[in-house]
Amino acid sequence: MFGLLAASSALAQTPAPDAPIGKAAAATETTGISEIIVTATRTAQNLQSVPIAVTAFNAQALEARQITDTQRLVQSIPNTTFTATNFGGSNLAIRGVGTTAVSTSGDSGVGIHINDMPLVAPGLVTTEIFDMQRVEVLRGPQGTLFGRNATAGVVNFITNKASTKGLQAFGEFEYGNYNSIKLTGMFNFPINDKLAIRAAGIYIKRDGYTTNLWNNEDIDGRDNYSLRGSVHWEPTEKLTVDVMVGYGSEDSSRTRAQKQLCVNDPTGVLGCSPNGLAYQPVNANATAGSILASQEALASVFGGLAPLVALGSLYGPNIKTNAIVPTSDREVYTLYTPTYQGNGLTVMGNVDYAFEKATLSLIGGYSQNSFDSRMDYSLSVNDVQTTIAKNKFWLDTVFPGKSQAIFNNQGQMCLSQYDQTMVGYIGGKYNSCYDRQNQYDVASGTSHQWSGEAHLNSTLDGPFNFLIGGNYLNFQSKGDYAVIATGLDYASLLFTGAAKAGLGAPYFDSRTQLYTLNAWALFGEGYWQATETLKLTIGARYTSDSKYVEDAQPNPLFNLGATPLGTQDISNKITYRTPHLDQTAGTGRILLQWTPTLSWTDQTMVYASYSRGYKSGGINPGFNPAVITDAKVNFGAEHVNAFEIGWKNRAFNGTLQANLTGFYYDYQGMQISRIIARSSFNDNTDATVYGLEAEFVIQPSPALQLNANFSYLHTSIKDLAIPDSRDPSGGRSDTVIIKDASLAGAGANCIVQPTVSGNAAGANLLVNTVNATLPGGFKGTTPVPGTQTTGAFSYCSALASAIANPSPALRTLFNAPTGPLPFHYITQGDGSVIVPTGVDVDLSGNQLQNSPEFKFAVGAQYNFDIGANMNGWVRGDLNFTGNAYGRIQNSFADQMPAYTTINLQAQINGANNRWYIRGFVQNLLDNSAITGIYVTDASSGLFSNIFTVDPRRYGAAVGFNF
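Residues numbered from 1 in each chain as written. Predicted model: local features only at pLDDT ≥ 70, side-chain atom pairs only at ≥ 80, totals over all residues. Heavy atoms only, no water.

So, unusual backbone geometry
Then step 1. Even without a glycine there, the phi angle at Asn 216 is positive, about 60°.
Then step 2. Within the element layout of this structure, Asn 216 appears in the loop between strand S14 (210-212) and strand S15 (217-219).
Then step 3. What makes Asn 216 exposed here is its relative accessible area of 62%.
Then step 4. Positive phi, close to 50°, is recorded for Asn 815, a residue that is not glycine.
Then step 5. Here Asn 815 falls in the exposed class, since its relative accessible area comes to 68%. (Helix = DSSP H or I, 4+ residues; strand = E, 2+ residues; numbered from the N terminus. Buried < 20%, exposed > 50% of the residue type's maximum accessible area, 1.4 Å probe, protein only.)

Some words on the sheet that holds strand S18 (residues 259-261)
Hydrogen bonds between backbone atoms are what pair the strands of a sheet, whose relative direction is either parallel or antiparallel.
Then step 1. Strand order in this open sheet of 3 strands is S18-S51-S50, and the pairing throughout is antiparallel. This sheet does not close on itself; its edge strands, each paired only once, are S18 and strand S50 (930-935). Strand-to-strand, the axes of this sheet are offset by a mean angle of 30°, without reference to chain direction.
Then step 2. In terms of strand pairing, S50 meets strand S51 (residues 944-948) through 5 bridges, oriented antiparallel. What sits directly across from Gly 932, in S51, is Phe 947. (Pairing = 2+ DSSP bridges. Axes fitted to C-alpha atoms, helices over the stretch in contact; angles between N-to-C directions.)

Comments concerning empty space enclosed by the protein
Then step 1. Size it by volume and the second largest cavity reaches roughly 590 Å³.
Then step 2. Lining the second largest cavity are 37 residues, and of these Asp 69, Val 125, Arg 222, Arg 254 and Asp 950 sit closest to its centre.
Then step 3. At the level of elements, helix H2 (70-75), strand S5 (80-84), strand S12 (180-190), strand S13 (195-206) and strand S21 (358-375) are the ones that each hand at least two residues to the lining of the second largest cavity.
Then step 4. Classifying every residue of the lining of the second largest cavity gives 9 nonpolar, 16 polar and 12 charged. (1 Å grid on protein atoms, 1.4 Å probe; cavity = no way out; pocket = protein on both sides within 12 Å on 5 of 7 lines; lining within 4 Å. Points joined across faces, edges and corners; volume = space filled by probe spheres on them. Nonpolar A, V, L, I, M, F, W, Y, C, P; charged D, E, K, R; others polar.)

Observations regarding the pattern of salt bridges
Then step 1. Evaluated as defined, the whole model comprises 37 salt bridges.
Then step 2. For Arg 650, the salt bridge goes to Glu 35, with nearest N and O atoms at 3.7 Å. Highlighted residues: Arg 650 in strand S32 (residues 638-651) and Glu 35 in strand S2 (residues 35-38), separated in sequence by 615 residues.
Then step 3. With its nearest N and O atoms 3.7 Å apart, the salt bridge here joins Asp 396 to Lys 392. In this pair, Asp 396 and Lys 392 are both assigned in helix H6 (residues 388-398), 4 residues apart and thus about one turn of the helix distant.
Then step 4. Its relative accessible area of 28% is what places Asp 396 among the partly exposed residues.
Then step 5. Residue class for Lys 392 comes out partly exposed when judged on its relative accessible area of 29%.
Then step 6. One continuous salt-bridge network, built from bridges that share partners, spans Glu 63, Glu 172, Glu 174, Lys 182, Arg 918 and Arg 953. (Salt bridge = Lys/Arg side-chain N within 4 Å of Asp/Glu carboxyl O.)

So, H6
Then step 1. Of the residues making up H6, those classed as buried are Ile 388, Asn 391 and Leu 395. The buried residues of H6 all sit within an arc of 60° when viewed along its axis, so they share a single face.
Then step 2. Where the residues of H6 are buried, they touch helix H5 (306-309), strand S22 (413-416), strand S23 (430-434) and helix H7 (486-494). (Arc of directions from axis to C-beta. Contact = heavy atoms within 4.5 Å.)

Topic: the nonpolar core
Buried together is how nonpolar side chains tend to be arranged in soluble globular proteins.
Then step 1. By size, the foremost hydrophobic cluster in this structure holds 43 residues, and its most contacted members are Leu 73, Leu 92, Val 135, Val 155, Phe 157 and Tyr 667.
Then step 2. With residues near it in sequence (within four places) discarded, Val 155 still touches Leu 73, Leu 92, Val 110, Gly 111, Ile 112, His 113, Val 135, Glu 136 and Val 137.
Then step 3. Formed by 37 residues, the second largest nonpolar core is a distinct cluster that contains Ala 293, Ala 306, Leu 488 and Leu 774. (Core = buried A, V, L, I, M, F, W, Y, C linked by side-chain atoms within 4.5 Å.)

What to know about the packing of aromatic side chains
Then step 1. Applying the stated criterion to the full structure yields 29 aromatic pairs.
Then step 2. For the pair Tyr 178 and Tyr 209, a centre-to-centre distance of 4.9 Å together with 70° between the ring planes defines the contact as edge-to-face. Of the two residues, Tyr 178 is situated in the loop between strand S11 (168-176) and S12 and Tyr 209 in the loop between S13 and S14; the sequence distance between them amounts to 31 residues.
Then step 3. Linked through ring pairs, Phe 87, Tyr 481 and Tyr 934 together constitute an aromatic cluster.
Then step 4. Positioned above the aromatic ring of Phe 663 is the side chain of Arg 95, whose terminal nitrogen or guanidinium carbon lies 4.1 Å from the ring centre. (Phe/Tyr/Trp six-rings, centres within 6.5 Å; stacked < 30°, edge-to-face > 60°. Lys NZ or Arg CZ within 6 Å of the ring centre and 35° of its normal.)

Some thoughts on the pairing of strand S24 (residues 439-458)
Then step 1. With 14 of 20 residues buried, S24 is to be regarded as a mostly interior element.
Then step 2. Across 18 bridges, the pairing between S21 and S24 is antiparallel. Pairing of Ile 363 across the sheet is with Glu 453, part of S24.
Then step 3. When S24 meets strand S25 (residues 464-485), the two strands line up antiparallel, connected through 19 bridges. Residue Gln 439 lies in a different strand from S25, and its bridge partner there is Ala 485.
Then step 4. Taking the residues between adjacent antiparallel strands as the criterion, S24 and S25 are bridged by 5 residues.

Concerning the sheet that holds strand S37 (residues 736-740)
Then step 1. Reading across from one edge, S38-S37-S40-S39 is the order of the 4 strands in this open sheet, with mixed pairing throughout. Two strands bound the open sheet, and with one partner strand each, they are strand S38 (749-752) and strand S39 (782-783).
Then step 2. Note that S37 and strand S40 (residues 790-794) share 5 bridges and pair parallel. By the bridge assignment, Asp 740 is partnered in S40 with Ser 794.
Then step 3. Contacts from helix H8 (residues 760-771) reach S37, S38 and S40 within the one sheet, and its direction differs from that of S40 by about 20°.
Then step 4. Each of S37, S38 and S40 is contacted by helix H9 (residues 796-804), which is oriented at about 130° to S37, the strand it contacts most.

Here it is, written out as structure tokens:
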């Protein structure tokens with residue numbers, strides 16, 4: 001959305017363009033609280049007349065509340081949360097329903113629209129709100145009227161359109177802490193009374209929010225701009241045409257995660273202990289890079305030569321033994337400076353034609369986005385590699401000429417440069433060279449979409465009216481997520497036939513070469529005004545989604561080949577999966593609306609509704625069937641049966657506005673995600689959701705306005721039992737957690753679990769006995785801190801084989817003359833076996849992630865005059881978000897504490913509002929509250945990436961209007 005939304009706060013002093021009913025909506029002045037006209041029902045209505053739970057902000061409210069991005073937007077909305085996610089995306093959740101599936105083909109739970117056009121890849125993390133007429137947030141399923149039929153609700157960004165009513169312009173310069181500079185401007189020019197053009201733009205540049213203590217440089221900075229142009233044309237009284245073109249670009253040090261937390265596990269079996277989050281480094285011996293380059297793992301191939309060429313031992317000091325993790329969420333140590341590059345283009349149009357008894361609306365356009373984000377994968381600096389000289393000497397001795405591929409003439413280890421050719425060091429492409437190991441990850445992607453919609457809205461004279469329409473959307477994307485590490489490079493080098501000829505990509509790569517979505521829908525609603533006060537709405541929708549994916553994990557950890565691939569582009573040698581998924585669904589809603597005339601109110605409305613929401617299923621990312629035996633290629637669709645009752649009131653001559661809502665959701669097929677063996681695996685379960693929402697605006701005097709909203713949310717999983725990757729033992733004391741040190745497993749976790757509960761001695765005996773037979777000197781079990789059980793480095797495949805097909809010695813040891821040993825294992829379709837990845841944990845009754853029980857926001861604004869021609873205002877806002885969990889496991893380490901943000905602002909306006917001066921503070925308390933948690937794979941050591949609110953910002957701005 002680079003070309004669509006960006007930050008601007010001068011708009012509160014810029015009059016919204018005038019427009020007839022049914023088009024753009026401006027604030028309407030009344031004797032009390034200003035009314036807002038919204039198009040939540042695809043027709044212009046007073047907000048208080050809309051029988052939907054909807055929160056709307058016009059330009060004045062957006063500016064006064066300092067709503068400049070999605071994070072600040074949701075802080076002011078009941079039962080709504082927002083967080084960035086691990087791979088550059090986001091999770092916007094309404095009433096507990098959001099985007100929890102991790103998959104290229106997964107859909108958002110909240111439909112995002114720009115001027116009523118749906119966006120599949122909106123880029124909400126990089127979005128800052130700019131030149132906006134209003135923002136509408138609709139809570140609950142809205143499929144009979146909007147876009148992709150999302151299960152949670154809709155956010156509709158309505159931009160300011162060009163106006164024929166007069167020449168307008170504004171400009172603003174803002175300066176704040178972090179050396180922040182923001183320039184915004186707008187120019188509206190009416191060519192004549194039928195045609196007008198508008199141009200707006202913004203430039204943002206600031207230092208980073210985070211200090212890299214390694215070199216004392218700031219990271220997570222911004223350097224971006226956006227431009228938008230629009231044309232408004234009214235050739236006749238019946239025909240209106242609006243066209244918008246937007247473009248934006250960013251080249252900055254933006255980071256995808258603010259911090260990595262871990263309680264260090266000294267055994268390396270897990271990497272991070274499951275009993276909390278702390279400012280400690282992961283035990284790197286638990287990671288794939290260390291395992292693949294360890295003497296224990298390499299012994300299976302190189303025998304006695306393994307200690308000579310290995311980078312270390314699984315039982316020795318790990319490369320992060322002395323790593324420093326600062327206790328401030330705004331400080332890190334890293335060798336790698338993050339980079340973020342992105343751009344986007346959007347071209348769209350809205351055409352309205354008014355017939356005598358109906359209006360035909362055509363909406364459609366094209367949008368494309370691309371981004372490339374790179375940052376330190378572990379956000380810490382590894383220890384100096386003291387064995388570099390030894391490794392280089394023995395590598396040349398055992399494999400003459402190989403060392404030149406990894407080591408430079410200064411005795412440093414070099415790291416592959418990632419690109420689409422996937423050759424890295426094999427093709428002589430290096431990122432950096434240091435006296436220690438290094439690592440980084442890359443998330444990148446491109447996407448584009450075409451969409452079109454037509455709907456007809458009747459204006460019949462009788463009691464019956466209708467809206468009927470259809471839409472079509474084509475979306476295509478491609479993307480990569482890769483992890484590049486010195487240990488992976490080095491291990492790849494060892495398994496080659498020539499000095500620089502690898503058997504596969506030297507880094508982990510999860511690639512989607514192509515994802516396509518073709519979706520169309522027919523929708524409509526009928527409205528029957530039974531009496532002057534009673535109205536019935538019945539809506540229906542039919543949706544068809546077709547999805548196709550070409551993806552792969554071209555990775556030497558899984559598919560070592562026999563023939564080196566050479567030094568040229570090897571991407572064309574990848575074998576891609578080509579799964580597809582076709583789904584259809586019928587949904588709808590029924591709503592009864594009552595607007596009685598009561599003596600004690602100016603306006604009141606009571607409504608009750610039932611709606612059924614739908615979000616299509618998707619295709620699971622590529623996975624290793626040797627580990628995930630029960631994984632399905634596809635995951636199912638979500639359905640929400642939503643019951644809602646609402647009461648909207650306006651009283652005391654427009655000085656009080658009070659809206660109350662209660663809701664109950666039967667949430668079916670909720671999409672959940674977990675990582676197993678370096679791949680996301682999505683499945684479905686059911687949940688119950690219910691809650692209350694209250695929104696108030698009070699204007700006790702013309703100069704003073706107060707606002708408040710409160711919400712309560714109960715979420716509960718109905719029936720689900722899955723392993724917890726943080727603790728594969730499931731809290732039991734009779735299992736043994738295994739860190740897979742085989743070349744194929746490379747850091748995955750599995751468990752040895754006895755079939756007879758309590759037989760911990762037998763589980764430990766089995767592991768110790770098998771480990772004694774493995775090459776490389778594997779040790780026995782040891783207690784794992786933070787769990788109730790023991791663990792060990794071993795081979796999951798060897799343990800599975802020992803259980804299913806025990807040797808005579810094992811049969812004697814376990815007194816099992818026939819059949820398998822008394823431990824759990826899984827038989828695959830090809831006859832092979834594996835041991836389980838973890839003990840299933842009952843999650844029934846757990847809260848949904850990112851779903852705080854309590855949330856409220858309160859604010860006050862006071863307007864005052866300065867002499868006869870000048871005026872000003874002061875405002876304060878307090879937003880509270882209650883305790884929540886970052887995962888559905890609801891463990892102690894998943895807790896996200898409640899937090900409060902306070903924003904203050906004051907402005908002085910010159911004569912006739914031609915100029916202004918403003919001062920502001922955002923997040924006065926300067927907290928670093930966690931908004932989301934992502935637990936990495938076992939092969940990365942299970943550290944937790946956290947995502948936080950922005951730090952305290954303050955500054956001043958000057959601007960002009962005419």
